[in-house]
Amino acid sequence: QVQLVESGGGLVKPGGSLRLSCAASGSAVRIYTMSWYRQAPGKQRELVASITSSGTTNYAVSVKGRFTIARDNAKNTVWLQMNSLKPEDTAVYYCNARMGINNYWGQGTQVTVSS
């Protein structure tokens with residue numbers, strides 16, 4: 001069983017930065033594909049960024065060049081560095097761990113970008 005706990009969300013002005021963290025317990029993040037998803041009110045949950053066990057990253061077009069996903073294997077944590085934030089980035093951000101048929105979700109953390 002994998003438990004995921006997100007933190008780092010909050011209120012930030014447009015153009016600002018936030019760093020989200022996803023702390024995992026129960027298994028090692030390095031053996032999973034780790035992803036960040038987000039969901040805004042009235043919209044479907046969308047993939048923001050992912051990193052595979054081999055280190056390959058993938059980003060949504062809307063965040064490419066602004067967001068960076070990374071793993072800290074020693075701390076068993078996945079990070080999402082978010083720069084140049086826009087109001088359109090406002091959403092609940094969820095951490096996800098996936099390996100084969102196993103799929104785990106965190107509780108989500110709110111990110112609000114507003115002046």
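Provided above is the structure to which this section pertains.
Now for a description of the structure that goes with this document. (Residues numbered from 1 in each chain as written. Predicted model: local features only at pLDDT ≥ 70, side-chain atom pairs only at ≥ 80, totals over all residues. Heavy atoms only, no water.)

For the coordinates displayed, the defined rule picks out 3 salt bridges. The salt bridge partner of D89 is R66, with a shortest N-O separation of 2.8 Å. Note that D89 is positioned in the loop between β8 (77-82) and β9 (91-99) and R66 in the loop between β6 (57-59) and β7 (67-72), a separation of 23 residues in sequence. We classify R66 as buried; its relative accessible area is 11%. Each of the salt bridges in this network shares a partner with another, and the network as a whole consists of R38, E46, R66 and D89. (Salt bridge = Lys/Arg side-chain N within 4 Å of Asp/Glu carboxyl O. Helix = DSSP H or I, 4+ residues; strand = E, 2+ residues; numbered from the N terminus. Buried < 20%, exposed > 50% of the residue type's maximum accessible area, 1.4 Å probe, protein only.)

Attention now moves to unusual backbone geometry. The backbone of N76 shows a phi angle near 55°, a positive value even though the residue is not glycine. In this structure, N76 sits in the loop between β7 and β8. Although it is not a glycine, S84 adopts a positive phi angle of roughly 50°. Counting through the fold element by element, S84 comes out in the loop between β8 and β9.

With that settled, the discussion passes to the pairing of β7. A regular strand places its side chains on the two faces of the sheet in alternate fashion. Bridging between β7 and β8 involves 6 bridges; their strand directions are antiparallel. Each bridged residue has a counterpart across the sheet, and for T68 the counterpart in β8 is Q81. Between β7 and β8, which pair antiparallel in sequence order, lie 4 residues; one of them, N76, sits at a positive phi of approximately 55°. (Pairing = 2+ DSSP bridges.)

Under the criterion given, the structure shown has 3 aromatic pairs. Between Y32 and Y104, the ring centres sit 6.3 Å apart and the planes meet at 75°, which makes this aromatic pair edge-to-face. Residue Y32 is located in the loop between β3 (18-25) and β4 (33-39), and its partner Y104 is located in strand β10 (residues 102-105); the two are separated by 72 residues in the primary sequence. Of the two residues, Y32 and Y104, neither departs from the other in class, the shared state being buried. A centroid spacing of 6.5 Å and a plane angle of 85° characterise the contact between Y94 and W105, whose relative ring orientation is edge-to-face. Taken as a pair, Y94 in strand β9 and W105 in strand β10 lie far apart in primary sequence, 11 residues in all. Classification of Y94 by relative accessible area gives buried; the value is 15%. The exposure class of W105 is partly exposed, given its relative accessible area of 33%. Over the ring of Y94 we find R45; its NZ or CZ atom is 3.8 Å from the centre of that ring. It is R45 that lies over the ring of W105; its NZ or CZ is 4.6 Å from the centre. (Phe/Tyr/Trp six-rings, centres within 6.5 Å; stacked < 30°, edge-to-face > 60°. Lys NZ or Arg CZ within 6 Å of the ring centre and 35° of its normal.)

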